[in-house]
Amino acid sequence: MTALTSSSQQGFVSLVGAGPGDPDLLTVKGYRVIQAADVVVYDRLVSQQILALASEQAEMIYVGKKLDYHCVPQDQINQILVEKAREGKNVVRLKGGDSFIFGRGGEELETLAEQGISFEVVPGITAAAGATAYAGIPLTHRDHAQSVQFITGHVQKDGREIEWSSLAQPNNTLVFYMGLKQSGHITEQLIANGLDANTPCAIIENGTRSEQRVFQGALSDLANLAQQAISPALIVVGSVTQLHHKLKWF
Ligand code: SAH
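Computed from a prediction, not measured in an experiment: that's the story for all the values here.

Any chance you could explain the nonpolar core here in plain terms?
Nonpolar side chains in soluble globular proteins generally cluster together in the buried interior. Counting residues in each nonpolar core, the largest one holds 22 residues, and the members touching the most others are Leu 167, Phe 176, Leu 190, Ile 203 and Val 237. For this core, the secondary structure elements donating two or more residues are helix H6 (164-167), strand S9 (172-177), helix H7 (183-192), strand S10 (200-205), helix H8 (222-228) and strand S12 (233-237). With sequence-adjacent residues up to four places away left out, Ile 203 is seen in contact with Leu 180, Arg 213, Val 214, Phe 215, Leu 222, Leu 225, Ala 226, Ala 229, Ala 233, Leu 234 and Ile 235.

Structure (C-alpha cells):
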C-alpha cells in the first residue's frame with residue numbers, strides 16, 4: 001500500500017529517508033510521497049531542495065536535532081505524528097540518510113503501531129553508503145574487506161559500551177556515525193583490542209555535498225584528523241580507505 005492509495009480517513013504516515021545530502025539521492029518513491037504530503041515533519045539534515053518538493057499548501061514542521069540538543073523531545077515528535085495522522089492527514093516524516101540507521105525511525109513507528117496508525121517505510125541512502133561512494137571508498141573489496149560494520153559513536157553517552165574486540169578485526173571496514181567527539185576513545189579501544197595503529201582511516205565530512213572534504217591518515221592519527229573536521233562527518237577505518245586516492249571522482 002502506498003500513501004497515494006491509502007483510503008482510510010485516519011491518515012497515514014510515510015517514514016522517508018532523504019539521503020545523505022545531495023538532493024538527487026532521494027528515491028523516486030520518496031519524491032512522490034513528499035509531493036503528495038499534507039504535512040512534512042523534518043529533521044535538520046534534510047536539504048532545502050528536498051523540502052521544496054512539498055506542495056505550497058503542505059504544513060512544514062521542523063523538529064530538528066543538534067548534537068547534544070533536541071529541539072523537540074522524541075515523545076513530542078511521536079505525538080505530532082499521531083495527531084496529524086488522526087486529523088486524516090497524509091504525513092511524511094522526513095529524516096536524513098536512512099530512517100532505520102541511527103535515525104530513531106523504529107521508535108517513531110512503534111508509537112504509530114501502538115496507536116493503530118498505518119504507515120510505510122521508504123528507505124534512504126544512508127551516510128555510510130552515500131559518503132563513501134562520493135569519496136571513492138568501496139566499503140567492501142575483495143583485496144581489502146569481506147565485511148563492514150556501522151557503529152554509533154554515541155554509545156558511551158547511552159551508557160552502553162561496544163564489543164570492541166568484535167570490531168578490531170582484519171579485513172573488516174568500520175564506519176562510525178557521530179564519532180568525531182569520541183575519536184580518541186575509538187582509536188584507543190581499537191588499538192587496545194589488537195587493530196594495527198597503522199590501519200588506514202578516513203574522515204568524510206559533508207559527504208555527497210558540494211563542500212565534501214575527505215581527510216586521510218593512520219588510526220593512531222585519527223583524533224588529530226577529527227579535530228580538523230566538522231559535523232556531519234563519518235569515520236571510516238580499514239584499508240579500503242586507501243582507495244580514495246585512486247577512485248576519487250567527486
Ligand atoms: N539516519 C542517518 C544517520 C543519522 S545520525 C543516515 O542513515 O545517514 C547523524 C550522523 O550521520 C552524523 O553525525 C554523521 O556521522 C552521519 N552523517 C549524516 N550525513 C552525513 C554526510 N552528508 N556526510 C558525512 N556523515 C554524515
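Help me understand the domain arrangement of the protein chain in this model?
Accessible area lost upon the coming together of the parts serves often as the stated size of an interface. Looking at the protein chain, the domain boundaries give domain 1 (3-125) and domain 2 (128-247). Just the C-alpha atoms count here: the centres of domain 1 and domain 2 sit 29 Å apart. The interface is formed by 10 residues belonging to domain 1 together with 15 residues belonging to domain 2. Linking domain 1 to domain 2 there are zero salt bridges. Put simply, domain 1 and domain 2 have three residue pairs in polar contact (both at pLDDT 80 or more) between them.

Explanation requested: the sheet that holds strand S6 (residues 90-95) in the structure shown.
Pairing between the strands of a sheet is mediated by backbone hydrogen bonds and can be parallel or antiparallel. In spatial order, the strands read S3-S2-S6-S1-S7; together these five strands make up an open sheet with parallel pairing. Two strands in the sheet have a free side with no partner beyond their single neighbour: strand S3 (59-62) and strand S7 (119-122). Averaged over all pairs of adjacent strands, the angle between strand axes in this sheet comes to 20°, irrespective of strand direction. Note that strand S1 (residues 12-17) and S7 share four bridges and pair parallel. Across the sheet, Val 16 pairs through a bridge with Val 122, a residue of S7. Sheet contacts for helix H3 (residues 74-86): S1, strand S2 (39-42), S3 and S6; angle to S6, the most-contacted strand, approximately 155°.

Please clarify how the environment of Cys 71 should be interpreted in this entry.
By secondary structure assignment, the location of Cys 71 is in the loop between strand S5 (69-70) and H3. Note on Cys 71: relative accessible area 40%, which makes it partly exposed. Each C-alpha atom of the pair Cys 71 and Arg 44 lies 9.7 Å from the other, and the pair is 27 residues apart in sequence.

Explanation requested: the packing of aromatic side chains in the structure shown.
For any two aromatic rings, the description comes down to two numbers: the centre-to-centre distance and the angle of the planes. Tallied over the entire structure, the rule returns seven aromatic pairs. Each residue in the set Phe 102, Phe 150 and Tyr 177 is aromatic and connected to the rest through ring pairs, giving one cluster.

How should the packing of H3 against helix H4 (residues 105-114) be read in this particular structure?
Each pair of packed helices can be described by the angle between their axes along with the distance between the axes. In contact at an axis separation of 10 Å, H3 and H4 are set at 45° when each is read in the N-to-C sense. In this view, H3 runs oblique relative to H4, as classed from their interaxial angle. The hand of the H3/H4 crossing is right-handed. Counting all contacts with H3, which are made through Gln 74, Ile 77, Asn 78, Leu 81 and Val 82, the residues of H4 involved are Glu 107, Glu 108, Thr 111 and Leu 112. Across the contact of H3 with H4, the residue classes break down as four nonpolar, three polar and two charged.

Cut-off values and rules
Residues numbered from 1 in each chain as written. Predicted model: local features only at pLDDT ≥ 70, side-chain atom pairs only at ≥ 80, totals over all residues. Heavy atoms only, no water. Core = buried A, V, L, I, M, F, W, Y, C linked by side-chain atoms within 4.5 Å. Buried < 20%, exposed > 50% of the residue type's maximum accessible area, 1.4 Å probe, protein only. Helix = DSSP H or I, 4+ residues; strand = E, 2+ residues; numbered from the N terminus. Contact = heavy atoms within 4.5 Å. Domains from an automatic or database assignment. Salt bridge = Lys/Arg side-chain N within 4 Å of Asp/Glu carboxyl O. Polar contact = N/O pair within 3.5 Å; in protein donor to acceptor, adjacent residues only side chain to side chain. Pairing = 2+ DSSP bridges. Axes fitted to C-alpha atoms, helices over the stretch in contact; angles between N-to-C directions. Phe/Tyr/Trp six-rings, centres within 6.5 Å; stacked < 30°, edge-to-face > 60°. Parallel < 35°, antiparallel > 145°, perpendicular 65-115°, else oblique. Left-handed = near helix turned anticlockwise from the far one by under 90°. Nonpolar A, V, L, I, M, F, W, Y, C, P; charged D, E, K, R; others polar.

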